[in-house]
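Residues per chain are reported as follows:
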Amino acid sequence: MNESQKEYIRAHQRSMTARQMARALGLSRPEVERWLKQPNPGSQPGTAGMALPAESSGSRALEWLLLIWVAALLVRTVFFVLLRQSPFFEPLTPTLDDGIYYGMAREIIGGNWLGAEPLSAYRVPAYPFFLAMIFVFAGVSVAAAHAVQLFVGSLGCILVYFMTRAVTGSTRAALWAAAIMAAYLPLVFYEMLLLGESISIFLNLSAMICLLMLVRREGRGMYWALPAGLLLGLSSLLRPNTLLVAVAVGGFVVIWFWTKRRSPQRAFACAFLLGAGVLATLLPMTARNYVLHKDILPVSALGGINLYIGNNPEADGKFSLVKEFGTSFNTMVESSIRIAEKASGRPLKPSEVSSYWVQKTRDYAFAQPGDLLKKAALKTAYLFNAYEFPDVLDMSFAARLIPALSPAAGMYGILVVFAALGFAGTWGPGRRAGLWLMDVFWGAYALSVVLFFVSSRYRLPIVVFLVPYAALGANRAWDLIRRRAVRGVRPAEVILVVAMTVVAFWPVEPVDFSVNYNSLAIAMKNKGKMGEAEKYYLEAIRTNPHYPSPYYNLSLLYRETGRNREAAQMRAKYEEAARAVGIRP
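Residues numbered from 1 in each chain as written. Predicted model: local features only at pLDDT ≥ 70, side-chain atom pairs only at ≥ 80, totals over all residues. Heavy atoms only, no water.

On a plain count of helices and strands, the protein comes out with 26 helices and zero strands. Residues classed as buried in the protein amount to 54% of the 585 residues present. For the protein, the exposed surface amounts to about 25,700 Å²; the carbon and sulfur share of it is 63%. (Helix = DSSP H or I, 4+ residues; strand = E, 2+ residues; numbered from the N terminus. Buried < 20%, exposed > 50% of the residue type's maximum accessible area, 1.4 Å probe, protein only. Areas by Shrake-Rupley, 256 points an atom, 1.4 Å probe, with all protein chains shown as cover.)

This is the structure in structure tokens:
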């Protein structure tokens, strides 16, 4: 008997006989009767043998939740100290996202209130303003930014607890979910970087709780749609693909009220309030972009470029720059603008540059649909693979200097396997509406990632919606082992769990650390540590001899230290490597 069948019995034991419930669930009547005779069978799923027997012990559950939150704070405090002792405390280079956001925040508090800079139309706009607010109150302090993000991350444990309890009805599963959030190191890692993911996750969880109130309270909770929309809109200014989530959950709300409550008026009223909340947050940024660029951009113009990066003949499912785009963010944007304008024969607005690359992606899709589908399948597999695909900073690389991060390497794969077990256990009659809503939320976000490319950072918002399923899976695994009831597992569940285990732990060729070594060398040079900078530049070259940037940077270092002959040699090697990858030196 799985958890969804138990949930069905709990919901109908007073209105149906054991025979009727057994017939509805495909079970035998003695099996249902035996379960009903167990102590406290009406408690919530997965609570047998637990010191906290579900909702009847609310104060005790809150005590446990408080302890988990304190543990989350302690974990984050430890990593804050370790980070401060490493080179990663401040952005390694001003040319990657964290360095760009840091620079923009400083510009904003310096009087550039709109965050205007040459490529601002291609930046995700909200995070620099968030950083600027911290800097206004705490001074230009990277430590303050880290502390705020780590604190917000710890609050995610509490939000996940209430979300899990709402969608599963199980206090035990909710506490497990909060504990997973407290100890999940990949989340902690990204909370320690100057990136907007941790804030976006907090906003998504808050929006999900509002949506659960909307569905749970039915007509009385209609006005929860407005704060849900506001939160999703704010999240989309940090991660633009959240807009697809907003559309998906809006559709779910309409279908839910229309089919379940037979109330199309209420359905469209909720959708209107949700959409109004999203638009209310997008309009200020749209106005800002129009003032700066005379162009209508709700968020940024980077979408078309990113779409092409993830869907072109050379794309491999991960983040890898197209050859003609260069090797850094700024050169990528500048090259994409130059190419689009050359093809169009005129200067283009940012939205037109984005549209050009969308059209290029469309041309590729129509020319090679089979190749595109293969890439989509590969990206879907990557979405659930344990490997932490790098972006701004490779987590595996950071673990070389912060060994306490090493256990993070396989955590996502373990989470996926337990989530598959928990997900399988929820299928059956009487499945909760909250679970469907959660599936729509994370499913829409997952689709948005697969449409572009997979990185550990971009798939991170999905993790918090896998955590409740992983908690249910851990509960279920424990109950199956304790009761020796493995034979009760359905074949379809076994197939799903085995398949997800294979996908999660299928070996993936790791990305080399050359970019990370190059960035680390730049940081060392900026601190005046020329010996360490040279060492890391050489390590970057050894790791990937075809990567041009470290040759160029090392030639500059040699020139600045009076080693002109070696500088000339490195410059020649840079030009050779640059030409080989299609860059004009």
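Side chains of Val494, Val498, Val502 and Trp506 sit close together on the surface and give an oily, nonpolar patch of about 390 Å² of accessible area. If you trace the backbone, Val498 turns up in helix H22 (residues 491-505). (Patch = residues over 30% accessible without salt bridge, like charges linked within 9 Å, V, L, I, M, F, W, Y side chains within 5 Å. Salt bridge = Lys/Arg side-chain N within 4 Å of Asp/Glu carboxyl O.)

Evaluation of the coordinates by the stated rule reveals four cavities of 30 Å³ or more. As for the second largest cavity, its lining consists of 15 residues, and the residues nearest its centre are Glu90, Pro91, Leu92, Asp98 and Leu193. For the lining of the second largest cavity, a count of residues per class yields ten nonpolar, three polar and two charged. (1 Å grid on protein atoms, 1.4 Å probe; cavity = no way out; pocket = protein on both sides within 12 Å on 5 of 7 lines; lining within 4 Å. Points joined across faces, edges and corners; volume = space filled by probe spheres on them. Nonpolar A, V, L, I, M, F, W, Y, C, P; charged D, E, K, R; others polar.)

Attention now goes to helix H12 (residues 242-260). Compared with the 27 Å implied by 1.5 Å per residue over 19 residues, the 26 Å span of H12 between its first and last C-alpha is a close match. Buried-residue contacts for H12 involve helix H10 (197-216), helix H11 (225-236), helix H13 (264-293) and helix H20 (433-451). (Expected span 1.5 Å × (residues − 1). Contact = heavy atoms within 4.5 Å.)

Let's shift gears to the packing of aromatic side chains. One pass over the structure, following the stated rule, counts 25 aromatic pairs. With a centroid separation of 5.0 Å and an interplanar angle of 85°, the aromatic rings of Phe189 and Tyr190 are classed as edge-to-face. With respect to burial, Phe189 and Tyr190 carry one shared label: buried. Here Tyr382 and Phe389 contribute two aromatic rings whose centre-to-centre distance is 4.8 Å and whose plane-to-plane angle is 45°, an arrangement assigned as tilted. Of the residues examined, Phe389 reaches a relative accessible area of 1% and is grouped as buried. Through a chain of ring-to-ring contacts, three or more aromatic side chains come together here, namely Phe88, Phe397, Phe513, Tyr517 and Tyr536. Against the face of Tyr412 rests Arg459, its NZ or CZ located 3.9 Å from the ring centre. (Phe/Tyr/Trp six-rings, centres within 6.5 Å; stacked < 30°, edge-to-face > 60°. Lys NZ or Arg CZ within 6 Å of the ring centre and 35° of its normal.)

This brings us to the environment of Ala577. The topology assignment puts Ala577 in helix H26 (residues 564-580). For Ala577, a relative accessible area of 9% corresponds to the buried category. With 25 residues separating them in the primary sequence, Ala577 and Tyr552 have C-alpha atoms 9.8 Å apart.

Turning to H26, a few remarks are in order. Here H26 spans 24 Å end to end across 17 residues, near enough to the 24 Å set by a 1.5 Å rise per residue. Three or more residues of H26 are buried, namely Ala567, Met570, Tyr574, Ala577 and Ala578. The buried residues of H26 all sit within an arc of 95° when viewed along its axis, so they share a single face. Every exposed residue of H26 that faces more than 90 degrees away from the buried side is listed here: Arg565, Glu576, Arg579 and Ala580. Summarising the contacts, the buried residues of H26 are in contact with helix H24 (530-543) and helix H25 (548-560). (Arc of directions from axis to C-beta.)

Before going further, it helps to examine the nonpolar core. Formed by 156 residues in total, the largest nonpolar core has its most connected members in Phe88, Phe189, Met208, Leu211 and Leu232. Membership of the second largest hydrophobic core comes to 24 residues, among which are Ala121, Ala301, Tyr308 and Phe329. (Core = buried A, V, L, I, M, F, W, Y, C linked by side-chain atoms within 4.5 Å.)

In this fold, Thr164 is placed in helix H7 (residues 142-168). By relative accessible area, which is 0% here, Thr164 ends up buried. Leave out the neighbours within four places in its chain, and Thr164 touches Gly169, Ala173, Ala174, Ala177 and Pro468.

The tally for this structure, following the rule as stated, stands at 16 salt bridges. Of the charged contacts, one joins Lys375 and Asp371 as a salt bridge, the two residues approaching to 2.7 Å between their closest N and O atoms. Here Asp371 and Lys375 lie together in helix H17 (residues 369-383), a separation of four residues that amounts to about one turn. For the salt bridge of Arg563 with Glu566, the shortest nitrogen-to-oxygen distance reads 2.9 Å. Glu566 gets classed as partly exposed once you look at its relative accessible area, which sits at 32%. Through salt bridges that share partners, Asp97, Glu197, Arg239, Asp391 and Arg457 make up one connected network.

Okay, the packing of helix H16 (residues 350-367) against H17 next. Remark: H16 packs on H17, axes separated minimally by 5 Å, with the N-to-C direction vectors making an angle of 105°. The orientation of H16 relative to H17 falls into the category roughly perpendicular. Contact with H16, carried on its side by Tyr364, Ala365, Phe366 and Ala367, involves Pro369, Asp371, Leu372 and Lys375 of H17 and no other residues of that element. Tallied by class, the residues present in the contact of H16 with H17 amount to six nonpolar, no polar and two charged. (Axes fitted to C-alpha atoms, helices over the stretch in contact; angles between N-to-C directions. Parallel < 35°, antiparallel > 145°, perpendicular 65-115°, else oblique.)

By secondary structure assignment, the location of Ser396 is in helix H18 (residues 395-401). For Ser396, a relative accessible area of 35% puts it in the partly exposed group. The sequence separation of Ser396 and Val511 amounts to 115 residues, and the corresponding C-alpha distance is 9.9 Å.

On to the packing of H17 against H20. Relative orientation of the contacting elements H17 and H20 amounts to 125°, with a least axis distance of 9 Å. With respect to their mutual orientation, H17 and H20 come out oblique. For H17 against H20, the interelement crossing comes out right-handed. Between H17 and H20, the contacting residues are Ala376, Lys379, Thr380 and Leu383 on the first element and Ala446, Val449, Val450 and Leu451 on the second. For the contact of H17 with H20, the residue count by class is six nonpolar, one polar and one charged. (Left-handed = near helix turned anticlockwise from the far one by under 90°.)

Along the polypeptide, Ala504 turns up in helix H22. Looking at Ala504, the relative accessible area reads 0%, which means it is buried. For the pair Ala504 and Tyr412, spaced 92 residues apart in sequence, the C-alpha to C-alpha distance is 8.1 Å. Look past the residues within four positions of Ala504 in its chain and what remains in contact with it is Phe384, Asn385, Ala386, Gly413, Val416 and Val417.

Glancing now at the confidence of the model for the protein. Of the residues in the protein, 89% have a pLDDT of 70 or more, and the chain-wide mean is 87. Counting interchain partners and residues more than four positions distant, the pLDDT-below-50 stretch residues 40-56 has 45 contacts. (pLDDT = per-residue confidence, 0-100.)

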